[in-house]
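Reading the structure
For reference, the chains in residue letters:
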Amino acid sequence: MADTSFDIIIIGSGPGGYVTAIRAAQLGFKTAIVEKSYLGGICLNWGCIPTKALLRSAEIFHYMQHAKNYGLYAEKVGYDTKAVVQRSRAVSKQLNDGVGFLMKKNKVAVIWGEAVVDAPGKITVKKSAVEAPKGTLGEGAYQAKHIIVATGARPRVLPGLEPDKKLVWTYFEAMVPERIPKSLLVVGSGAIGIEFASFFHTMGSDVTVVEVLPQILPVEDAEIAGHARKRFEKQGIKIITGAKVAKLEKKADSVVASIDDGKGKLQTVEFERVISAVGVVGNIENLGLEKLGVKTDRGTIVIDGHCRTNVPGIYAIGDVAGPPMLAHKAEHEGVICVEAIKGLNPHPMDKLLIPGCTYCNPQIASVGLTEAKAKEGGREIRVGRFPFIGNGKAIALGEDQGLVKVIFDKKTGQLLGAHMIGAEVTELIQGYVVAMNLETTEEELMHTVFPHPTLSEMMKEAVLDAYGRVLNI
Ligand SMILES: Cc1cc2nc3c(=O)[nH]c(=O)nc-3n(C[C@H](O)[C@H](O)[C@H](O)COP(=O)(O)OP(=O)(O)OC[C@H]3O[C@@H](n4cnc5c(N)ncnc54)[C@H](O)[C@@H]3O)c2cc1C
């Protein structure tokens with residue numbers, strides 16, 4: 001008879017769930033993970049990874065079109081949409097298989113089906129619509145002292161903008177287009193919306209982005225978002241901020257959007273396709289949580305610093321436990337959760353130290369406070385900036401447009417935030433994340449040797465600039 005009793009059961013195998021399972025197994029817990037659709041969750045199958053594969057194809061296509069700038073010929077440059085999508089799906093499949101391998105390697109039991117929490121310590125797994133992979137446990141009742149909810153999130157649906165999979169897409173359909181639409185409306189300019197806008201624009205769509213707030217990339221530093229907007233507009237992406245898509249009228253193979261500019265003017269524009277990228281909501285329903293009295297707030301589960309809900313024995317991590325809805329936040333929360341269960345007393349998550357990256361062209365990356373937030377409460381700050389045009393490696397790469405910006409507390413020298421736009425900044429940001437985690441001061445950063453020639457040198461130059469010592473500009 002199959003084993004039904006575990007120390008820890010995790011519901012959902014996204015980056016939060018599967019990393020939690022591995023760490024739990026490392027700590028000696030008998031662990032099981034329940035999944036109803038795809039190992040690796042949204043991130044590996046319909047989020048972070050397949051989008052980066054699509055964006056990589058777009059990036060190479062862009063470079064091929066600009067081969068001349070590098071002294072190269074590339075004739076008859078083009079693409080095959082089906083092959084681009086196939087490559088992205090193959091990358092996802094490889095990682096999805098990889099999660100299966102990691103579960104086996106760490107002796108984590110995989111239970112296939114849809115879990116409902118019956119009571120603390122007890123779940124029932126029902127048959128899922130997706131066929132079970134080989135070697136998984138099936139439907140039935142299971143027990144565990146600790147139940148961790150890691151059920152992720154799904155696209156937010158706004159009234160009037162309901163996706164229909166054909167003309168109005170969510171990220172699911174946008175990731176597997178049969179052809180690149182001639183014109184595209186992207187509603188929402190967060191990371192997901194902007195990445196798709198960048199991908200489809202590079203592949204040839206005439207893209208319009210509509211954002212209800214006054215700034216695109218609303219969580220980013222205003223100066224960086226301003227640079228991004230200028231770059232996108234120069235590329236030919238149309239951006240309308242402070243505006244709302246009031247209505248979508250579907251035709252046979254197009255959509256007419258009524259766009260309210262927020263000042264009483266309504267314009268109607270026809271698009272071949274629309275992507276609704278207006279955020280995500282936590283998967284808190286149909287889990288039995290209401291019956292158990294698990295506290296939720298605006299569509300996410302309320303947790304404490306060690307990911308405990310208000311009901312003993314029930315925990316939540318990742319997207320379902322609230323923003324920022326990012327894979328690395330989900331993973332880290334999972335590790336904190338099981339280490340706390342083990343009694344290791346881990347540091348609670350400091351959300352200020354969670355970096356955010358957008359993999360559009362140009363890339364955007366940030367950590368910590370924006371300039372506006374840093375100034376709140378009257379704090380005095382020092383700001384340093386360094387432009388890509390002053391960096392040898394950036395010029396050699398043909399990527400001389402961009403900016404690195406750092407913000408320090410004027411009194412203490414504490415690094416409060418770092419914000420970047422330009423080539424490879426999503427790789428660079430981690431240097432500042434480590435620095436902030438170690439509570440590094442400006443002195444230590446200025447005494448750190450950065451390799452030459454690298455883009456990372458700009459990170460030191462920006463710090464030097466904050467203290468009036470910039471060298472290469
Ligand atoms: C287009 C797109 C691009 C993104 N790009 C990035 C990026 O570049 N970087 C980044 O950090 N984040 C990115 N994200 C966000 C990232 O995907 C999420 O933050 C991350 O997947 C959250 O992980 P999770 O483990 O909380 O949940 P998920 O990955 O959503 O996994 C939850 C899993 O739980 C399963 N599940 C749900 N309910 C049940 C149930 N009752 N029983 C059994 N199983 C259940 C689901 O099937 C799913 O597999 C992106 C998201 C999207 C949509």
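Heads up: the structure comes first, above all this text.
Here's a quick rundown of the structure. Just so you know, these numbers come straight off a predicted model, no measurement behind them.

Definitions and limits used
- Residues numbered from 1 in each chain as written.
- Predicted model: local features only at pLDDT ≥ 70, side-chain atom pairs only at ≥ 80, totals over all residues.
- Heavy atoms only, no water.
- Phe/Tyr/Trp six-rings, centres within 6.5 Å; stacked < 30°, edge-to-face > 60°.
- Helix = DSSP H or I, 4+ residues; strand = E, 2+ residues; numbered from the N terminus.
- Buried < 20%, exposed > 50% of the residue type's maximum accessible area, 1.4 Å probe, protein only.
- Pairing = 2+ DSSP bridges.
- Axes fitted to C-alpha atoms, helices over the stretch in contact; angles between N-to-C directions.
- Contact = heavy atoms within 4.5 Å.
- Core = buried A, V, L, I, M, F, W, Y, C linked by side-chain atoms within 4.5 Å.
- Salt bridge = Lys/Arg side-chain N within 4 Å of Asp/Glu carboxyl O.
- Right-handed = clockwise from strand over helix to strand, strands pointing away.

Here we take up the packing of aromatic side chains. Counted under the stated rule, the structure contains eight aromatic pairs. Aromatic pair Phe 61 and Tyr 79: ring centres 5.1 Å apart, planes at 85°, arrangement edge-to-face. Taken together, the positions of Phe 61 in helix 3 (residues 48-65) and Tyr 79 in the loop between helix 3 and helix 4 (81-105) put the pair 18 residues apart, joining distant regions of the chain. Accessibility expressed as a relative area gives 8% for Phe 61, which makes it buried. Accessibility expressed as a relative area gives 33% for Tyr 79, which makes it partly exposed.

If you walk across this open sheet you meet the five strands as 20-21-24-23-22, and the pairing is antiparallel. Where the open sheet ends on each side, the last strands, each with one partner, are strand 20 (356-358) and strand 22 (381-387). Strand-to-strand twist in this sheet, taken as the mean axis angle between neighbours without regard to direction, amounts to 10°. Relative to strand 23 (residues 403-409), strand 22 is paired through seven bridges, and the arrangement is antiparallel. Directly across from Ile 381, in strand 23, lies its bridge partner Asp 409. Together, strand 20, strand 21 (364-368), strand 23 and strand 24 (415-421) form the strand contacts of helix 12 (residues 425-437), whose direction differs from that of strand 24 by roughly 175°. Contacts from helix 14 (residues 457-466) reach strand 22, strand 23 and strand 24 within the one sheet, and its direction differs from that of strand 22 by about 140°.

Once that is clear, we can look at the nonpolar core. Most often, soluble globular proteins keep nonpolar side chains buried together rather than apart. Membership of the largest hydrophobic core comes to 36 residues, with the highest contact counts inside it found for Phe 199, Phe 200, Val 207, Phe 232 and Ile 275. Where this core is concerned, the elements lending two or more residues are helix 3, helix 5 (171-174), strand 9 (183-187), helix 6 (191-202), strand 10 (206-210) and helix 7 (222-235). A per-element tally of this core places helix 6 first, with five residues. When neighbours within four sequence positions are excluded, Val 207 is seen to be in contact with Leu 184, Val 186, Ala 197, Phe 200, His 201, Gly 236, Ile 237 and Lys 238. Ranked by size, the runner-up nonpolar core spans 31 residues in total, among them Val 367, Leu 428, Val 433 and Leu 445.

Under the defined criterion, the tally for this structure stands at 24 salt bridges. For Glu 59, the salt bridge is made with Arg 56, and the minimal N-O distance between the two is 3.0 Å. With Glu 59 and Arg 56 both in helix 3 and three residues apart, this pair spans about one turn of that helix. Look at Arg 56 and you get partly exposed, because its relative accessible area is 43%. When the shortest N-O distance is used, the salt bridge between Asp 164 and Lys 250 registers 3.7 Å. Of this pair, Asp 164 sits in the loop between strand 7 (153-155) and strand 8 (168-169) while Lys 250 sits in strand 12 (residues 244-250); the two residues are 86 residues apart in sequence, bridging distant segments of the chain. Members of the salt-bridge network, linked through shared partners, are Asp 221, Glu 223, Glu 371, Lys 375, Arg 385 and Lys 405.

Of all seven residues that make up strand 1 (residues 5-11), five are buried, and the element is covered over most of its length. By the bridge criterion, six bridges tie strand 1 to strand 6 (residues 140-149) in an arrangement that is parallel. Within strand 6, the position partnered with Ile 10 by the bridge is Ile 148. As paired elements, strand 1 and strand 2 (residues 31-35) share four bridges and run parallel to each other. Residue pairing in the sheet places Ile 10 in a bridge with Ile 33 of strand 2. At this point the chain moves from strand 1, through helix 1 (residues 15-26), to the parallel strand 2, and the crossover so formed is right-handed.

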